[in-house]
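So the chains spell out like this:
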Amino acid sequence: MRTLITGGTVLGPSGGVVADVLVEGETVAAVATPGTFAPDTADTVLDATGKYVLPGGIDAHTHMEMPFGGTFSADTFETGTRAAAFGGTTTIIDFAVQPKGSSLLSTLDKWHEKAGGNCAVDYGFHMIVSDVNDETLKEMDSCVDAGVSSFKMFMAYPGVFYSTDGEILRAMGKATENGSMIMMHAENGIAIDQLVAKALAEGHGEPVQHGYTRPPELEGEATSRAITLAKVTGSPLYIVHLSAAQALSAVAEARDNGQNVFAETCPQYLYLSIEDLAKPEFEGAKYVASPPLREKSHQTDLWRGLRTNDLSVVSTDHCPFCFKDQKELGKGDFSKIPNGMPGVEHRMDLLHQGVVAGEISLARWVETCATTPARMFGLFPRKGIIAPGSDADIVIYDPSARQTISARTHHMAVDYSAYEGMTITGAVSTVLSRGTIVVDRGDYLGRPGHGTFLSRDLSQYLN
Ligand code: DUC
Ligand code: ZN
Ligand code: ZN
Ligand code: ZN
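So, how was this worked out
- Residues numbered from 1 in each chain as written.
- Chains lettered and ligands numbered in written order.
- Predicted model: local features only at pLDDT ≥ 70, side-chain atom pairs only at ≥ 80, totals over all residues.
- Pairing = 2+ DSSP bridges.
- Helix = DSSP H or I, 4+ residues; strand = E, 2+ residues; numbered from the N terminus.
- UniProt positions renumbered as here; feature names shortened; annotations may be inferred.
- Buried ≥ 20, exposed ≤ 12 C-beta atoms within 10 Å, placed from the backbone.
- Right-handed = clockwise from strand over helix to strand, strands pointing away.
- Near = placed C-beta within 6 Å.
- Nonpolar A, V, L, I, M, F, W, Y, C, P; charged D, E, K, R; others polar.
- Contact = placed C-beta atoms within 7 Å.
- Domains from an automatic or database assignment.
- Core = buried A, V, L, I, M, F, W, Y, C linked by C-beta atoms within 7 Å.
- Expected span 1.5 Å × (residues − 1).
- Arc of directions from axis to C-beta.
- Axes fitted to C-alpha atoms, helices over the stretch in contact; angles between N-to-C directions.

Visitor: Quick one: what's the story with the pairing of strand β18 (residues 436–440), residue by residue and with numbers?
Guide: As paired elements, strand β17 (residues 423–433) and β18 share four bridges and run antiparallel to each other. The partner of Thr430 across the bridge, within β18, is Asp440. Between β17 and β18, which pair antiparallel in sequence order, lie two residues; one of them, Arg434, sits at a positive phi of approximately 45 degrees. Where β18 and strand β19 (residues 443–444) come together, two bridges link them in antiparallel fashion. In the sheet register, Asp440 faces β19, and the bridge partner there is Asp443. Taken together, β18 and the strand that follows it, β19, pair antiparallel across an intervening segment of two residues, in which Arg441 is found at a positive phi of about 40 degrees.

Structure below.
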């Protein structure tokens, strides 16, 4: 089976060039001067004139069917990866969650069961480590052997996912030894819990209190502390969902000092703010995620971070909970609102708005959304680039189309959109996953089970 994509501007991390792309089976066979291949050499010809042809997006931070506070995030691997495909994302890396008292390998088995046979696009796993002990540390080696080469830890949520500095130090020591990556949720959970208790005791239960009780200073402090622990152990560090200027400064300083510190941000921190969290009538609950949405002024810093590469990756932290019956669990007590927002479908479009607005270049769009996540998490050059031999995960994107985001038309299994009514310049036309057309002009042509598990190498930024 051969597919020829003609006349588009093929984008990569170093810019764009008008070229034809020949796909043979599941991989890219050639990127060549327009007209090199006669149309009858292919079974299918896709005319991409006037459009971008870019590597499929890689969302390195999603949570499908994630247990949280007695409920589960609303997208299954089936619905969530289908929504990802609609939005031009052809790889997700989801988080397996170790419950305290469980082993890492039994956790990994559980996540394989959830995802196997259900995904529309390819998927990998990170492992959330919430119980550091001798056995867990040994199992970190087995995870790496099983293609799970990154481990997330929490400085937030005491009593649930939280690890002490000592536990973090131990896990970082293991990462230094086996070449894996430590990912950190950097918020000072001990201090936050005090602020939450105080707000509730004073009768403040509304959603905006979620923001007030998790101030940016406590993200900055935890980020600095994580960086210090990484320095002491010689471990690399990847800060997830960075939202605050204070945290960005800490990351930038560490990078200037030559430390292997990396960070991602998410579209919600670039476009939404604490004003959304303050919407009346419990509407703010839709915007409860951790870290919380910040004052708008932080957005300027985050866009700059994306330009300077102090922020290397854009992921969604897609963790959808329906407003009805799920977010509503926290009516009157903001601390019971499940933490997370939907987003896997809109990352490529939202970051394209950054290109349209002149905040980032086309090359940075592709780099932060596809190429760097592939390198960061051991998937390059199989993923993240359109080059001979790479998987034919390809998005044909029409930069001049217009669309309006709405829960009425999105494909995520959640009853609201955080971006309801936002108009977008640009839209996905066609999406190929390993050579198969899975989305074409709004139609889903894929199937659950097309997506396969990606056994990842060590980060190519470190090894
Ligand atoms: N952190 C995440 O990364 N996702 C959901 C909730 C959280 O705290
Ligand atoms: Zn987190
Ligand atoms: Zn109040
Ligand atoms: Zn997350």
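Visitor: Break down the UniProt feature "modified residue: N6-carboxylysine" (unreviewed entry) in the protein chain for me, with residues and values.
Guide: Per the UniProt record, "modified residue: N6-carboxylysine" (unreviewed entry) is found at Lys152. Here Lys152 is to be found in strand β11 (residues 150–154).

Visitor: So, the pairing of strand β10 (residues 122–128): which residues are in play, and what are the values?
Guide: Among the seven residues of β10, seven are classified as buried, and the element is accordingly described as predominantly covered. With seven bridges connecting them, strand β9 (residues 89–97) and β10 associate as parallel partners. The partner of Ala96 across the bridge, within β10, is Met127. For the segment spanning β9, helix α2 (residues 104–115) and β10, crossover handedness is right-handed. As judged from the two bridges shared by β10 and β11, these two strands associate in the parallel manner. Within β11, the residue paired with Ile128 across the bridge is Lys152. Assessed by its sense of winding, the connection that carries the chain from β10 through helix α3 (residues 134–145) to β11 is right-handed.

Visitor: Account for the site of ligand 1, naming residues and giving values.
Guide: The environment of ligand 1 is made up of His63, His185, Val240, His241, Ser290, Asp317, Cys319, Asn339 and Gly340. Among the residues making up the shell around ligand 1, the classes are represented as two nonpolar, six polar and one charged.

Visitor: Mind laying out the environment of Gly384, listing which residues take part and the relevant values?
Guide: Looking at the secondary structure, you find Gly384 in the loop between α13 (362–376) and β16 (394–404). Look past the residues within four positions of Gly384 in its chain and what remains in contact with it is Pro55, Ile58, Ala370, Thr371, Pro373, Ala374, Arg375 and Leu379.

Visitor: Any details on the domain arrangement of the protein chain? Residues and values, ideally.
Guide: Along its sequence, the protein chain is organised into domain 1 (2–54 + 382–444) and domain 2 (56–376). With centres defined by C-alpha atoms, the gap from domain 1 to domain 2 works out at 27 Å. Taken together, the contacts link 33 residues of domain 1 with 46 residues of domain 2. Looking at which element gives the most residues to the side of domain 1 that touches domain 2, the answer is β17, with six residues. Of the residues assigned to the side of domain 1 that touches domain 2, the class counts are 20 nonpolar, ten polar and three charged.

Visitor: Residues and numbers for the nonpolar core, please.
Guide: Grouped together as the largest cluster of nonpolar side chains are 138 residues, with contacts concentrated most on Val21, Val53, Ile182 and Ile239. When residues of this core are assigned to domains, at least three fall in each of domain 1 (2–54 + 382–444) and domain 2 (56–376). Discounting residues that sit within four places of it in the chain, Ile182 has contacts with Phe151, Met153, Ala171, Met172, Ala175, Ser235, Pro236, Leu237 and Tyr238.

Visitor: Account for α2, naming residues and giving values.
Guide: Between its first and last C-alpha atoms α2 spans 17 Å; for twelve residues at 1.5 Å apiece the expected length is 16 Å, and the two agree. All of the buried residues along α2 are Leu104, Thr107, Leu108, Trp111 and Ala115. What you see down the axis of α2 is that its buried residues fit within an arc of 100 degrees, all on one side. Looking at α2, the residues exposed on the side facing more than 90 degrees away from the buried face are Ser106 and Glu113. On its buried face, α2 is in contact with α1 (77–86), β9, β10 and α3. The positive-phi residue at the C-terminal boundary of α2 is Gly117, with phi of around 75 degrees.

Visitor: If you had to explain the sheet that holds β11 to someone new, which residues and values would you point to?
Guide: Strand order across the open sheet formed by eight strands is β6-β9-β10-β11-β12-β13-β14-β15, with parallel pairing between neighbours. Looking at strand neighbours, the two that pair on one side only are β6 (57–62) and β15 (313–314), the edges of this open sheet. Against the sheet, helix α7 (residues 216–233) contacts β12 (181–185), β13 (237–239) and β14 (261–265), and its axis sits at roughly 170 degrees relative to β13.

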